[in-house]
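One-letter residues, chain by chain:
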Amino acid sequence: MKPDKDKEEEVRIQAEQYLEDNFNDNFEIYDTLYDNMGNFEFEYAAKVRDKKTNTEFLVYFDAETIKWWTLTWRINGQMT
């Protein structure tokens with residue numbers, strides 16, 4: 001299955017707002033993740049990078065808790 005471009009754009013916009021409200025400006029959204037295999041508890045997430053440390057993490061919305069969450073993914077290019 002291919003990702004829905006509208007849903008990808010929506011998660012980017014919402015994640016950007018979440019980052020602005022909760023973090024400083026050291027972070028950038030560089031891509032999205034579409035999980036059509038059920039590996040995560042979400043379907044779409046924004047891929048975010050800390051500009052200073054290169055730590056990469058996912059920002060996603062959890063419909064059950066009605067909250068945005070972050071999940072560390074890579075630190076300096078290494079999977080965690």
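A brief report on the enclosed structure follows. (Residues numbered from 1 in each chain as written. Predicted model: local features only at pLDDT ≥ 70, side-chain atom pairs only at ≥ 80, totals over all residues. Heavy atoms only, no water.)

Re the overall build of the protein
Let me state the cut-off plainly: Only DSSP runs of H or I covering at least 4 residues are called helices, and only runs of E covering at least 2 are called strands; the numbering of each starts at the N terminus. Our radius of gyration looks at C-alpha atoms and nothing else; its globule reference is 2.2 Å times the residue count to the power 0.38. Burial classes: relative accessible area under 20% of the type maximum marks a residue as buried, over 50% as exposed, and values in between as partly exposed (1.4 Å probe, protein chains only). Contact between two residues is taken to exist if any of their heavy atoms lie within 4.5 Å; hydrogens are not considered. Neither His nor the chain ends contribute to the count of charged residues, in which Lys and Arg are positive and Asp and Glu negative. Taken as the charge location is NZ of Lys, CZ of Arg, CG of Asp or CD of Glu.
From N to C terminus, the protein includes 1 helix and 5 strands. Each helix and strand of the protein, ordered N terminal to C terminal, gives the series α-β-β-β-β-β. Relative to the globule expectation of 12 Å for 80 residues, the C-alpha radius of gyration of the protein, 12 Å, shows essentially globular dimensions. Burial statistics for the protein: of 80 residues in total, 35% are counted as buried. Partitioning the contacts of the protein with sequence separation of at least 6, the portion at a separation of at least 24 is 29%. When the 10 positive and 18 negative side-chain charges of the protein are each reduced to one mean point, those points stand 6 Å apart.

Some points on the pattern of salt bridges
Note the cut-off: Each salt bridge in this description consists of a side-chain nitrogen of Lys or Arg and a carboxyl oxygen of Asp or Glu lying within 4 Å of one another.
Counted according to the given criterion, the structure contains 3 salt bridges. Note that Glu28 and Arg49 form a salt bridge whose closest N and O atoms lie 3.1 Å from each other. Residue Glu28 is located in strand S1 (residues 27-34), and its partner Arg49 is located in strand S2 (residues 44-50); the two are separated by 21 residues in the primary sequence. Across the pair Glu56 and Arg49 runs a salt bridge whose closest N-O atoms are separated by 3.5 Å. Sharing partners across several salt bridges, the network here consists of Glu28, Arg49 and Glu56.

A short note on a negative patch on the surface
Inclusion rule: Residues enter a patch when their relative accessible area is above 30% and they make no salt bridge; the linking distance is 9 Å between like charges and 5 Å between nonpolar side chains (Val, Leu, Ile, Met, Phe, Trp, Tyr). Only the protein chains shown count as cover for residues, and the accessible areas themselves come from Shrake-Rupley with a 1.4 Å probe.
A cluster of like negative charges, contributed by Asp4, Asp6, Glu9, Glu10 and Glu43, occupies part of the molecular surface. Residue placement: Glu43 occurs in the loop between S1 and S2. For Glu43, a relative accessible area of 40% corresponds to the partly exposed category.

Focus: the pairing of strand S3 (residues 56-62)
Defined as follows: When DSSP finds two or more bridges between a pair of strands, those strands are recorded as paired.
Here S3 lies mainly inside the structure; 6 of its 7 residues are buried. The pairing of S2 with S3 spans 4 bridges and is classified as antiparallel. Note on S3: the bridge partner recorded for Ala46 is Val59. Hairpin connection of S2 to S3: 5 residues between the antiparallel strands, including Asn54 at a positive phi of 65°.

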